[in-house]
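Residue-level listing of the chains:
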Amino acid sequence: MNELYKTQVRNALVSWFLEEKRDLPWRKTKDPYKIWVSEVMLQQTKVDTVIPYYERFIAKYPSLESLACAKEEELLKEWEGLGYYSRARNLQAGVREVVESYGSTVPNTRKEISTLKGVGPYTAGAVLSIAYGVPEHAVDGNVMRVLSRLLLIKEDIAKPKSKKIFEEAVMELIDEDNPSAFNQGLMELGAIICTPTKPKCLLCPVREYCTAFFEGMQEQLPIKTINKKTKVHKMKSVVVEDDQGRILLEKRPSKGLLANMWQFPMVELPTAAHTTEEVIEHDYGIEILKGKELVAFKHVFSHLVWEMESFNGKLLVEKELPSACKWFTIEDIAKQPMPVPVLKIWNAWKERNT
Ligand code: SF4
């Protein structure tokens, strides 16, 4: 890349961003904590979904200290519906490290900020450039798409080692005077103009400098190999009410998918030797009530799918419940953080039973 080209690209991108940027709540602040929260929420989640969550979250936890002191269950309740709950736990763990080890000031170097729990290369670069004006790369899938088209980079973006090439490209192109607008400009361009399909090249501020546009290759880039097949798990879940009107919930294990979240008793099936009914009766002492299906749906996580069926059930008195199970009143259930697929079952049960 020659100097003239770099200057032209960065000027075109930065001016376009400063004029056309969407009015988003996290763009009204330079507070590194708030930028950090927004970047964590925006991972794997659309902007429109994040806005109300961000506003509620910042109203409830306006400072590092307030988030550091929050109870995990309350925090997860705030996060409910955003998914990827480990993001919330890691955010809180990272914030606690800042409060305890950095005197409540988010570090302003890549070396230090990258040691915080949950802060990867992208989040580190986003916080450093947007909050502190440090010229550091912040490369995610959007940015790789834009750069692969702009600079005709044909590396497979699904391969982790390709990321370095894009990070180096950003460091060559970045506007040292306004790294915040430059990085956000790349992100914004990827979000609204240089979209995965049908990029709006005629509206693009860097079209004149875009190699893929001139080669007619914008739809073929970036190169991305398809991930291995997502694993499908067949799950069955059952909602049980006792004679005092309480509902049975079970806490998930403290590690792994949806750690520590509450769900209705749930099993993965089928096993080679047993039917759904047998396993639920054996593990929980619950009888599935025939003809009482609640809701069936697919829930897609990043790396697996739950094919979920849910039912009303009845407790068989002779069985002791597993220790992770607990009875909740309907009012108390509303205060528990529940993952999205469990909320769907709960809503179906309420529609049917209340
Ligand atoms: S000209 Fe088209 S392909 Fe190139 S960066 Fe702009 S939107 Fe993307």
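Further up the page is the structure itself.
Residues numbered from 1 in each chain as written. Predicted model: local features only at pLDDT ≥ 70, side-chain atom pairs only at ≥ 80, totals over all residues. Heavy atoms only, no water.

## A look at the overall build of the chain
Helices and strands together make up the secondary structure of the chain, namely 15 helices and seven strands. Taking the principal axes of its C-alpha atoms as reference, the chain extends roughly 80 × 50 × 35 Å. For the chain, buried positions account for 49% of its 354 residues. Taking the 49 positively charged and 49 negatively charged side chains of the chain as two groups, their mean positions are separated by 3 Å. (Helix = DSSP H or I, 4+ residues; strand = E, 2+ residues; numbered from the N terminus. Buried < 20%, exposed > 50% of the residue type's maximum accessible area, 1.4 Å probe, protein only. Lys, Arg positive; Asp, Glu negative; His and termini not counted. Charge placed at Lys NZ, Arg CZ, Asp CG, Glu CD.)

## So, helix 9 (residues 141-150)
Across the 10 residues of helix 9, eight count as buried, placing the element largely inside the fold. Where helix 9 is concerned, the buried positions are Val143, Met144, Arg145, Val146, Leu147, Ser148, Arg149 and Leu150. Considering only its buried residues, helix 9 is in contact with helix 1 (3-20), helix 10 (163-173), helix 11 (179-192) and helix 12 (211-215). For helix 9, the N-terminal capping position is held by Asp140, with its side-chain oxygen 3.2 Å away from the main-chain nitrogen of Asn142. After helix 9 finishes, the residue Leu152 shows a positive phi value of roughly 50°. (Contact = heavy atoms within 4.5 Å. Polar contact = N/O pair within 3.5 Å; in protein donor to acceptor, adjacent residues only side chain to side chain.)

## Comments concerning the sheet that holds strand 4 (residues 266-268)
The pairing of strands in a sheet happens through backbone hydrogen bonds and is either parallel or antiparallel. Strand order in the open sheet formed by four strands is 4-1-6-5, and the pairing between neighbours is mixed. Each edge of the open sheet is held by one strand with a lone partner, namely strand 4 and strand 5 (286-300). The sheet shows a mean angle of 25° between the axes of neighbouring strands, taken without regard to direction. With nine bridges joining them, strand 5 and strand 6 (residues 304-315) adopt antiparallel strand pairing. Its bridge partner being in strand 6, Ala296 is matched across the sheet by Glu309. Against the sheet, helix 15 (residues 340-353) engages strand 1 (231-240), strand 4, strand 5 and strand 6, with an angle of about 135° to strand 5. (Pairing = 2+ DSSP bridges. Axes fitted to C-alpha atoms, helices over the stretch in contact; angles between N-to-C directions.)

## With respect to the sheet that holds strand 7 (residues 325-328)
In space, the three strands of this open sheet follow the order 3-2-7, with antiparallel pairing throughout. Both outer strands of the open sheet, strand 3 (262-263) and strand 7, are each paired with one neighbouring strand and no more.

## Regarding the nonpolar core
Counting 98 residues, the largest nonpolar core has Trp36, Phe57, Leu147 and Leu150 as its most contacted members. Here this core spans two domains, and each of domain 1 (3-215) and domain 2 (231-353) adds at least three residues to it. Those residues in contact with Leu147 that lie beyond four places of it in its chain are Leu152, Ile153, Phe166, Ala169, Val170, Leu173 and Leu186. If you look at the next biggest cluster of nonpolar residues, it comprises 13 residues, including Val238, Leu248, Val267 and Cys325. (Core = buried A, V, L, I, M, F, W, Y, C linked by side-chain atoms within 4.5 Å. Domains from an automatic or database assignment.)

## Quick word on the pattern of salt bridges
Applying the stated criterion to the full structure yields 16 salt bridges. Two residues, Lys6 and Glu3, come together in a salt bridge whose shortest N-O distance is 3.1 Å. Pair noted here: Lys6 and Glu3 are both in helix 1, with a separation of three residues, about one helical turn. Its relative accessible area of 8% is what places Lys6 among the buried residues. Note that Arg27 and Glu188 form a salt bridge whose closest N and O atoms lie 2.7 Å from each other. Highlighted residues: Arg27 in the loop between helix 1 and helix 2 (32-42) and Glu188 in helix 11, separated in sequence by 161 residues. Here Glu188 falls in the buried class, since its relative accessible area comes to 2%. Via salt bridges that share partners, Glu3, Lys6 and Glu172 belong to a single interconnected network. (Salt bridge = Lys/Arg side-chain N within 4 Å of Asp/Glu carboxyl O.)

## What about the packing of aromatic side chains?
In the structure shown here, the tally under the stated rule is nine aromatic pairs. A centroid spacing of 5.8 Å and a plane angle of 80° characterise the contact between Phe57 and Trp79, whose relative ring orientation is edge-to-face. Remark: Trp79 occurs in helix 5 (residues 72-79) and Phe57 occurs in helix 3 (residues 47-60); sequence separation between them is 22 residues. With respect to burial, Phe57 and Trp79 carry one shared label: buried. For the pair Trp262 and Phe328, a centre-to-centre distance of 4.8 Å together with 75° between the ring planes defines the contact as edge-to-face. Taken together, the residues span a long stretch of sequence, with Trp262 in strand 3 and Phe328 in strand 7 at a distance of 66 residues. We classify Trp262 as buried; its relative accessible area is 6%. Classification of Phe328 by relative accessible area gives buried; the value is 5%. The aromatic ring of Tyr53 is capped on one face by Arg56, whose charged end is 4.9 Å from the ring centroid. (Phe/Tyr/Trp six-rings, centres within 6.5 Å; stacked < 30°, edge-to-face > 60°. Lys NZ or Arg CZ within 6 Å of the ring centre and 35° of its normal.)

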